[in-house]
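Fold and geometry: a report
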Amino acid sequence: MSVPQPPTAPAGVYRYPVRVTWGDCDPAGIVYFPRFFEKFHEAMERWFGDALGQPYEVLIGGRKLGLPSVHTEADFAAPCRFGDALVVELRVPRLGGSSITLDYRVVAEDPQDEVRLRGRTVCALMDLDPERPTFRRAVPWPDDLRARIETFGVGQAQPEDAA
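Below: a short report on this structure. (Residues numbered from 1 in each chain as written. Predicted model: local features only at pLDDT ≥ 70, side-chain atom pairs only at ≥ 80, totals over all residues. Heavy atoms only, no water.)

A word on the side chain of Asp84
Convention followed: In this text, helices come from DSSP runs of H or I with a minimum length of four residues, and strands from runs of E with a minimum of two, each type numbered from the N-terminal end. Relative accessibility thresholds used throughout: buried, under 20% of the residue-type maximum; exposed, over 50%; partly exposed, between the two (1.4 Å probe, protein chains only). Pairing of N or O atoms within 3.5 Å defines a polar contact, subject to two protein rules: one partner must be a possible hydrogen donor and the other a possible acceptor, and residues neighboring in sequence count only if both atoms are side-chain atoms. Contact criterion: two residues are considered in contact whenever any of their non-hydrogen atoms come within 4.5 Å of each other.
Position of Asp84 relative to the elements: it lies in the loop between β3 (69-76) and β4 (85-95). Owing to a relative accessible area of 18%, Asp84 belongs among the buried residues under this scheme. Reaching out from Asp84, the side chain makes a polar contact with the backbone nitrogen of Arg81 at a distance of 2.8 Å. Separated by 2.9 Å, the side chains of Asp84 and Arg116 make a polar contact. Excluding residues that lie within four positions of it along the chain, Asp84 makes contacts with Val18, Arg19, Val20, Pro79 and Arg116.

As C-alpha cells, then:
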C-alpha cells in the first residue's frame, strides 16, 4: 500500500495529508480535540524526514536528540468529522538557539481549503544521551540541522488568513 504524497506547497510550508478515522472521534463523530495535538506531532515527524532529510527516528535513536513540547495551543474554527480528508500545514515562524516554534493550520482537502483549526507548538531541543554531560538539558541546534531548517524557510509563507 502506497503512502499518499503531500500536496505541492509553497516554500516554507510542509503539507501532511490525513484522513479522520473512527478512532479519532468522540461519540458524536467529531474529532476529539487532543487528537489534533497527535496530528501536529505526526506532521512534525514526517517534516523532519521529508523536508529536512533527517528522519525523526534517526534524530531520536541515532543522534539522541529529542523535541519535547514546552508549549502548545490550538484554536478551532470548524468541526472535523469521521471520514474528512484534511491537510496539516506546518510552518516555522521562529528558530531559536535551542528551540523551535511550529505553526499549524489544518484545512479541508478541497478546492476551498476551509480552515478547520490553527495551532502552535514550541519545542526545546533536548539531549537524550545519558553519556553526555548535557543529558536531559536543552542544547543548541547542530549546525547541519539549523541550516536545513533555515533553508526550508523560517518566518516565510504565512497564510493569507492568519489571525
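There is more to say, and it comes next.
Regarding the packing of aromatic side chains
For clarity, the threshold we go by: Two aromatic rings, drawn from Phe, Tyr or Trp (for Trp, its six-membered ring), form a pair once their centres lie within 6.5 Å of each other, and the interplanar angle then sorts them: stacked below 30 degrees, edge-to-face above 60, tilted otherwise.
Counted under the stated rule, the structure contains eight aromatic pairs. Between Phe40 and Tyr104 the ring centres are 4.4 Å apart and the planes differ by 0°, which places this aromatic pair in the stacked class. Of this pair, Phe40 sits in helix α1 (residues 34-50) while Tyr104 sits in strand β5 (residues 99-108), and the two are 64 residues apart along the sequence. Per residue, the accessibility class of Phe40 equals that of Tyr104, and both read buried. Put simply, the rings of Trp47, Phe48, Tyr56 and Phe152 pair up and form one aromatic cluster.

Some remarks on the pairing of β4
Definition in use: Being paired, for any two strands, means DSSP has found at least two bridges between them.
For β4, a buried count of nine out of 11 residues is recorded, marking the element as mostly surrounded by other parts of the structure. With six bridges joining them, strand β1 (residues 14-19) and β4 adopt antiparallel strand pairing. By the bridge assignment for β4, Pro17 is matched with Val87. Two strands pair when backbone bridges link them, and β4 and β5 are joined in this way by eight bridges, in the antiparallel orientation. Note that in β5 the partner of Arg94 across the bridge is Thr101. Counting the residues in the hairpin turn of β4 and β5 gives three residues.

Examining the sheet that holds β4
Note the following rule: Axis definition: a line fitted to C-alpha atoms, over the contacting stretch in the case of helices. Angles run 0 to 180 degrees between N-to-C directions.
Spatially, the five strands line up as an open sheet ordered β1-β4-β5-β6-β3, and their pairing is antiparallel. Of all strands in the sheet, those with a lone pairing partner are β1 and β3, marking the two edges. Across the sheet, the mean angle from the axis of one strand to that of its neighbour is 20°, orientation sign disregarded. The sheet contact formed by β5 and strand β6 (residues 115-124) spans nine bridges and is antiparallel. Its bridge partner lying in β6, Leu102 is registered against Thr121.

Focus: the environment of Glu57
Among the secondary structure elements, Glu57 is positioned in helix α2 (residues 56-62). Residues Glu57 and Glu45, spaced 12 residues apart in sequence, show a C-alpha to C-alpha distance of 8.3 Å.

Thoughts on the pattern of salt bridges
To keep it simple, the criterion reads: What makes a salt bridge here is a side-chain nitrogen of Lys or Arg within 4 Å of a carboxyl oxygen of Asp or Glu, nothing more.
The full count for this structure, using the stated rule, is 15 salt bridges. Asp144 is paired through a salt bridge with Arg63; the nearest N and O atoms lie 2.8 Å apart. Pair noted here: Asp144 is in helix α3 (residues 143-152) and Arg63 is in the loop between α2 and β2 (65-66), with a separation of 81 residues, a long-range link. Note that Asp144 is salt-bridged to Arg148, the shortest N-O span being 3.8 Å. Within this pair, Asp144 and its partner Arg148 are both found in helix α3, separated by four residues, close to a single helical turn. For Asp144, a relative accessible area of 29% corresponds to the partly exposed category. Accessibility expressed as a relative area gives 29% for Arg148, which makes it partly exposed.

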